[in-house]
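Remarks on the overall topology
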Amino acid sequence: MRIANLRGRAAIVHGEPGQERAVDIATASAGRFSGDFAELYADWGAVRDWAVALASEEIEKHSVALDRSELGAPSPAPRQIFAVGLNYRAHAAESGFDAPEYLPPVFTKYVSSFSGPDTTVTIPEEGNVDWEVELVVVIGQTLRCVEASQVWVGVAGLTVGQDISERVSQLRGPAPQFGLAKSCPGFSPQGPWLVTPDEFADPDDLELGCSIDGEEVQKGRTRDLIFPVPSLIAALSQTVTLLPGDVIFTGTPAGVGVGREPKRFLRPGERLDSWIEGIGTLQQTFVATR
């Protein structure tokens, strides 16, 4: 099942790539479920069961053409946002760090940086804007002190994310400034929709990558995560209570601009395409500050 944020309302997505259509959940359920995402994730089990049982004629009856420009982040107002660093060994190495042994560094991004999949992003005056494609997890039930084996049943779904990062303010010290440097407007595009775990042959092994104007700059597989989704969420739940709708950026593979020699950053006019197999793509175009 695929769930989209279409004009701020929850919708089921169906159809072939490039020909997707959307079914407004509140309309198709005759008001049983709200189009509000906070309410949707709070009752995720019932929503999922209803959607699975939805007859094809009901889907066709209520479906409309999907316009990607009207899509937003699949969990647009989470109560908690977690971002994870150094969760691929090659990325830790290119960043000059040892691979984490017990838990990778965890920080937050701010919801004002959230956007949908196809956007124009302004490069801040300080510049040095970098890319970090990531698998993003949305939580579907309250999780506290769970075992790794229990995690996937508590996940609403997966989506594509970019942890766009402004490296000057992040790294100038005296200590790294992760959250703010990664939360400028448009720095957290997500989408194009949420895909439930049952849609994947193996949700722990997905290809992800990104390209700049067609030149591939990152490519990896989530099987190479040091802390895969189940162990990462289980570890987080030992400290915090994870809530329905919470968003977790799980880390980026090698290939970021700051790790290159010479360093490479995004420039005005360039287009960044990001993808994860079985989910879809993001497309960001960058412009200079006016």
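Residue positions within a chain follow its written sequence, with the count starting from 1. A pLDDT threshold of at least 70 governs which residues receive local features in this predicted model, and a stricter bar of 80 or more applies before side-chain atom pairs are shown or counted, although totals over entire chains, interfaces and linings include all residues. Excluded from the side-chain calculations are hydrogens and water; all other atoms, namely the structure's heavy atoms, are used.

**Focus: the overall build of the chain**
Put simply, the rule is: Strands here mean DSSP runs of E at least two residues long; helices mean DSSP runs of H or I at least four residues long; both are numbered from the N terminus. Computation of the radius of gyration draws on C-alpha atoms, with the globule rule given as 2.2 Å multiplied by the number of residues to the power 0.38. Note on exposure labels: buried denotes an accessible area under 20% of the residue type's maximum, exposed denotes more than 50%, and partly exposed covers the range between, all computed with a 1.4 Å probe on protein chains only. Residue contacts are counted whenever heavy atoms from the two residues lie within 4.5 Å of one another. The Shrake-Rupley method, run with a 1.4 Å probe sphere, supplies the accessible areas, and residue values consider only the shown protein chains as cover. When charges are tallied, Lys and Arg are placed among the positive residues and Asp and Glu among the negative ones, while His and the ends of the chain are skipped. Here the site of a charge means NZ on Lys, CZ on Arg, CG on Asp, or CD on Glu.
In terms of regular secondary structure, the chain is built from eight helices and 19 strands. Taking 19 Å as the expected radius of gyration for a compact globule of 290 residues, we find that the chain reaches 18 Å, a close match to that expectation. In terms of overall dimensions, the chain has C-alpha extents of about 55 × 45 × 30 Å along its principal axes. Looking at the chain as a whole, 55% of its 290 residues qualify as buried. Partitioning the contacts of the chain with sequence separation of at least 6, the portion at a separation of at least 24 is 76%. Accessible surface, the chain as shown: approximately 12,500 Å² in total, 50% of it carbon and sulfur. Separation of charge centres in the chain, based on 24 positive and 39 negative side chains, amounts to 3 Å.

**Digging into the pattern of salt bridges**
Pairs can form between side chains of opposite charge once their charged atoms are near each other. For clarity, the threshold we go by: A side-chain nitrogen of Lys or Arg and a carboxyl oxygen of Asp or Glu constitute a salt bridge if their distance falls within 4 Å.
What the rule picks out here adds up to 18 salt bridges. Measuring nitrogen to oxygen at the nearest pair gives 3.3 Å for the salt bridge that ties Glu132 to Lys182. Pair noted here: Glu132 is in the loop between strand E10 (129-130) and strand E11 (133-139) and Lys182 is in the loop between helix H7 (178-181) and strand E14 (188-195), with a separation of 50 residues, a long-range link. Here Glu270 ties to Arg267 by a salt bridge, and the two come within 3.2 Å at their closest N and O atoms. Exposure remark for Glu270: the relative accessible area of 7% places this residue in the buried category. Note on Arg267: relative accessible area 45%, which makes it partly exposed.

**Thoughts on a nonpolar patch on the surface**
Defined as follows: Exposure above 30% relative accessible area and the lack of any salt bridge qualify a residue for a patch; like charges then connect within 9 Å, and the nonpolar side chains Val, Leu, Ile, Met, Phe, Trp and Tyr within 5 Å.
Taken together, the side chains of Tyr102, Leu103 and Val106 present a nonpolar region at the surface, about 310 Å² in accessible area. Overall, Val106 belongs to the partly exposed group, its relative accessible area being 34%.

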